[in-house]
Amino acid sequence: MRLTQVNGYGLKRRKEPNMNIEIKEVTKETANSILQLQVSTKQTAYIESTRQCLTDALECSYYKPAGLYKDGILIGFAMYGYFPREGIDGRVWLDRFFIDEKYQGHSLGSVLLEALIRHLTDLYHCNKIFLSVYEDNQHALYLFQKFGFVFNGELDINNEKVMVKTIISTSNKNPSEPGA
(Lines give C-alpha, C1' and ligand atoms only; values in the text may rest on other atoms or scores of the structure.)
Protein backbone atom coordinates (compact mmCIF):
# COMPACT_ATOMS: atom_id res chain seq x y z
CA MET A 1 0.00 0.00 0.00
CA ARG A 2 1.29 3.44 -0.92
CA LEU A 3 0.76 6.18 1.61
CA THR A 4 0.41 9.80 0.56
CA GLN A 5 1.01 12.98 2.48
CA VAL A 6 0.77 16.63 1.57
CA ASN A 7 4.16 18.27 1.74
CA GLY A 8 5.08 21.94 2.13
CA TYR A 9 4.76 22.51 -1.61
CA GLY A 10 1.07 21.55 -1.68
CA LEU A 11 1.84 18.25 -3.43
CA LYS A 12 0.75 14.79 -2.48
CA ARG A 13 3.80 12.63 -2.09
CA ARG A 14 3.80 8.88 -2.45
CA LYS A 15 5.91 7.00 0.00
CA GLU A 16 8.15 4.77 -2.09
CA PRO A 17 10.30 2.43 -0.01
CA ASN A 18 14.02 2.59 -0.75
CA MET A 19 13.73 4.98 -3.73
CA ASN A 20 16.62 7.42 -3.96
CA ILE A 21 16.04 10.27 -6.44
CA GLU A 22 18.93 12.56 -7.40
CA ILE A 23 19.18 15.56 -9.70
CA LYS A 24 22.79 15.98 -10.80
CA GLU A 25 24.40 18.65 -12.96
CA VAL A 26 25.68 17.33 -16.28
CA THR A 27 29.49 17.12 -16.23
CA LYS A 28 32.14 16.11 -18.75
CA GLU A 29 32.13 12.70 -17.09
CA THR A 30 28.37 12.20 -17.42
CA ALA A 31 27.76 13.90 -20.79
CA ASN A 32 28.10 10.70 -22.85
CA SER A 33 25.51 8.92 -20.71
CA ILE A 34 23.19 11.92 -20.97
CA LEU A 35 23.54 11.88 -24.76
CA GLN A 36 22.26 8.28 -24.82
CA LEU A 37 18.90 9.26 -23.29
CA GLN A 38 15.98 9.41 -25.70
CA VAL A 39 12.22 9.52 -25.87
CA SER A 40 10.02 7.33 -28.03
CA THR A 41 9.65 8.24 -31.70
CA LYS A 42 6.08 9.42 -30.95
CA GLN A 43 7.51 12.02 -28.54
CA THR A 44 10.36 13.49 -30.60
CA ALA A 45 8.12 16.24 -31.99
CA TYR A 46 7.54 17.51 -28.45
CA ILE A 47 11.06 17.84 -27.05
CA GLU A 48 14.58 18.49 -28.20
CA SER A 49 17.25 15.79 -28.08
CA THR A 50 19.77 15.88 -25.25
CA ARG A 51 22.41 16.84 -27.83
CA GLN A 52 20.36 19.93 -28.75
CA CYS A 53 19.74 20.70 -25.08
CA LEU A 54 23.45 20.58 -24.23
CA THR A 55 24.19 22.80 -27.22
CA ASP A 56 21.54 25.26 -26.05
CA ALA A 57 23.09 25.25 -22.57
CA LEU A 58 26.49 26.12 -24.03
CA GLU A 59 24.92 29.05 -25.88
CA CYS A 60 22.89 30.35 -22.92
CA SER A 61 24.48 30.39 -19.48
CA TYR A 62 21.10 30.55 -17.74
CA TYR A 63 20.32 26.94 -18.72
CA LYS A 64 21.33 24.24 -16.25
CA PRO A 65 21.16 20.71 -17.74
CA ALA A 66 20.77 17.87 -15.25
CA GLY A 67 20.58 14.11 -15.20
CA LEU A 68 17.72 12.54 -13.27
CA TYR A 69 18.68 9.43 -11.30
CA LYS A 70 16.70 6.77 -9.48
CA ASP A 71 18.74 4.56 -7.18
CA GLY A 72 21.93 5.66 -8.93
CA ILE A 73 20.66 4.85 -12.45
CA LEU A 74 20.29 7.63 -15.01
CA ILE A 75 16.64 7.56 -16.12
CA GLY A 76 15.85 11.06 -17.34
CA PHE A 77 16.88 14.56 -18.18
CA ALA A 78 15.88 18.10 -17.26
CA MET A 79 17.09 21.54 -18.15
CA TYR A 80 16.08 24.53 -16.08
CA GLY A 81 17.25 27.97 -15.16
CA TYR A 82 16.57 31.40 -13.77
CA PHE A 83 16.09 34.07 -16.46
CA PRO A 84 16.52 37.47 -14.76
CA ARG A 85 15.26 39.60 -17.65
CA GLU A 86 11.87 37.90 -17.94
CA GLY A 87 8.90 39.34 -16.11
CA ILE A 88 9.22 41.75 -13.21
CA ASP A 89 11.43 39.63 -10.95
CA GLY A 90 12.76 37.16 -13.54
CA ARG A 91 11.40 33.68 -14.11
CA VAL A 92 12.44 30.18 -13.18
CA TRP A 93 11.84 27.83 -16.10
CA LEU A 94 11.65 24.05 -16.20
CA ASP A 95 12.48 24.20 -19.88
CA ARG A 96 13.09 20.53 -20.69
CA PHE A 97 12.01 17.39 -18.87
CA PHE A 98 11.73 13.79 -19.98
CA ILE A 99 12.10 10.22 -18.88
CA ASP A 100 14.17 7.89 -21.06
CA GLU A 101 12.04 5.63 -23.23
CA LYS A 102 13.23 2.51 -21.34
CA TYR A 103 11.87 3.84 -18.04
CA GLN A 104 8.54 5.31 -19.15
CA GLY A 105 5.25 3.88 -17.92
CA HIS A 106 6.34 3.30 -14.31
CA SER A 107 4.98 6.55 -12.74
CA LEU A 108 8.51 7.94 -12.59
CA GLY A 109 7.43 11.16 -14.29
CA SER A 110 5.38 12.07 -11.23
CA VAL A 111 8.17 11.19 -8.82
CA LEU A 112 10.76 13.14 -10.79
CA LEU A 113 8.54 16.16 -11.42
CA GLU A 114 7.87 16.44 -7.71
CA ALA A 115 11.61 16.23 -7.04
CA LEU A 116 12.30 18.89 -9.69
CA ILE A 117 9.70 21.26 -8.24
CA ARG A 118 11.27 20.89 -4.81
CA HIS A 119 14.78 21.26 -6.27
CA LEU A 120 13.94 24.43 -8.23
CA THR A 121 12.12 25.97 -5.28
CA ASP A 122 15.05 25.31 -2.97
CA LEU A 123 17.70 26.34 -5.50
CA TYR A 124 16.10 29.56 -6.70
CA HIS A 125 13.85 30.44 -3.74
CA CYS A 126 11.08 31.03 -6.25
CA ASN A 127 7.34 31.19 -5.79
CA LYS A 128 6.55 30.37 -9.43
CA ILE A 129 7.87 27.87 -11.95
CA PHE A 130 7.21 28.26 -15.67
CA LEU A 131 7.24 25.69 -18.45
CA SER A 132 5.82 25.39 -21.94
CA VAL A 133 4.04 22.51 -23.60
CA TYR A 134 2.41 21.65 -26.89
CA GLU A 135 -1.28 21.32 -26.12
CA ASP A 136 -1.56 18.05 -28.06
CA ASN A 137 1.13 16.44 -25.85
CA GLN A 138 -1.58 14.90 -23.70
CA HIS A 139 0.65 12.82 -21.41
CA ALA A 140 2.82 15.79 -20.45
CA LEU A 141 -0.17 18.10 -20.17
CA TYR A 142 -1.94 15.70 -17.80
CA LEU A 143 1.19 15.36 -15.65
CA PHE A 144 1.78 19.11 -15.41
CA GLN A 145 -1.87 19.84 -14.60
CA LYS A 146 -1.83 17.12 -11.94
CA PHE A 147 0.98 19.07 -10.25
CA GLY A 148 -0.85 22.38 -10.37
CA PHE A 149 0.55 23.97 -13.51
CA VAL A 150 -2.02 26.14 -15.31
CA PHE A 151 -1.98 27.98 -18.62
CA ASN A 152 -1.24 31.70 -18.25
CA GLY A 153 -2.32 32.79 -21.74
CA GLU A 154 1.20 33.22 -23.15
CA LEU A 155 2.94 31.42 -26.01
CA ASP A 156 6.68 30.85 -26.17
CA ILE A 157 8.85 31.38 -29.26
CA ASN A 158 7.95 27.87 -30.53
CA ASN A 159 4.18 28.51 -30.11
CA GLU A 160 4.04 26.22 -27.10
CA LYS A 161 1.56 27.25 -24.44
CA VAL A 162 3.14 28.59 -21.26
CA MET A 163 2.09 27.09 -17.94
CA VAL A 164 2.92 28.33 -14.46
CA LYS A 165 2.83 26.72 -11.05
CA THR A 166 2.53 28.91 -7.99
CA ILE A 167 4.48 27.41 -5.12
CA ILE A 168 2.73 27.20 -1.79
CA SER A 169 5.51 27.11 0.73
CA THR A 170 5.64 27.41 4.48
CA SER A 171 9.24 28.63 4.43
CA ASN A 172 10.32 32.20 5.07
CA LYS A 173 12.47 32.44 1.95
CA ASN A 174 12.23 35.61 -0.09
CA PRO A 175 10.86 34.53 -3.50
CA SER A 176 12.31 37.59 -5.25
CA GLU A 177 15.90 36.60 -4.45
CA PRO A 178 16.98 33.70 -6.64
CA GLY A 179 19.79 31.62 -5.29
CA ALA A 180 21.43 31.19 -8.70
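Look a little higher up for the structure.
In this text, all values refer to a predicted model and were calculated from it rather than measured experimentally.

Turning our attention to the environment of Val39. Inspection of the secondary structure puts Val39 in the loop between α1 (31-35) and α2 (50-59). What makes Val39 buried here is its relative accessible area of 12%. For the pair Val39 and Gly76, spaced 37 residues apart in the sequence, the C-alpha separation amounts to 9.4 Å. In this structure, Val39 is in contact with Thr44, Ile47, Phe98, Ile99, Glu101 and Gln104, ignoring residues within four places of it in sequence.

With that settled, the discussion passes to the environment of Leu143. Mapped onto the secondary structure, Leu143 falls in helix α4 (residues 138-146). In this structure, the C-alpha to C-alpha distance between Leu143 and Leu113, residues 30 residues apart in sequence, is 8.5 Å. With near-sequence residues (within four places) excluded, Leu143 lies in contact with Phe97, Gly109, Ser110 and Leu113.

Within this structure, the stated rule accounts for eight aromatic pairs. Judged by centre distance (5.7 Å) and plane angle (35°), the ring pair of Trp93 and Phe130 falls under tilted. Of this pair, Trp93 sits in strand β6 (residues 91-99) while Phe130 sits in strand β7 (residues 128-133), and the two are 37 residues apart along the sequence. Take Trp93 and Phe130: they sit in the same class, and that class is buried. Site record: aromatic cluster; members linked through ring pairs are Tyr62, Tyr63 and Phe83. Directly above the aromatic system of Phe151 lies the positively charged group of Lys161, at a separation of 5.5 Å from the ring centroid.

What counts, and where the lines are drawn
Residues numbered from 1 in each chain as written. Predicted model: local features only at pLDDT ≥ 70, side-chain atom pairs only at ≥ 80, totals over all residues. Heavy atoms only, no water. Helix = DSSP H or I, 4+ residues; strand = E, 2+ residues; numbered from the N terminus. Buried < 20%, exposed > 50% of the residue type's maximum accessible area, 1.4 Å probe, protein only. Contact = heavy atoms within 4.5 Å. Phe/Tyr/Trp six-rings, centres within 6.5 Å; stacked < 30°, edge-to-face > 60°. Lys NZ or Arg CZ within 6 Å of the ring centre and 35° of its normal.

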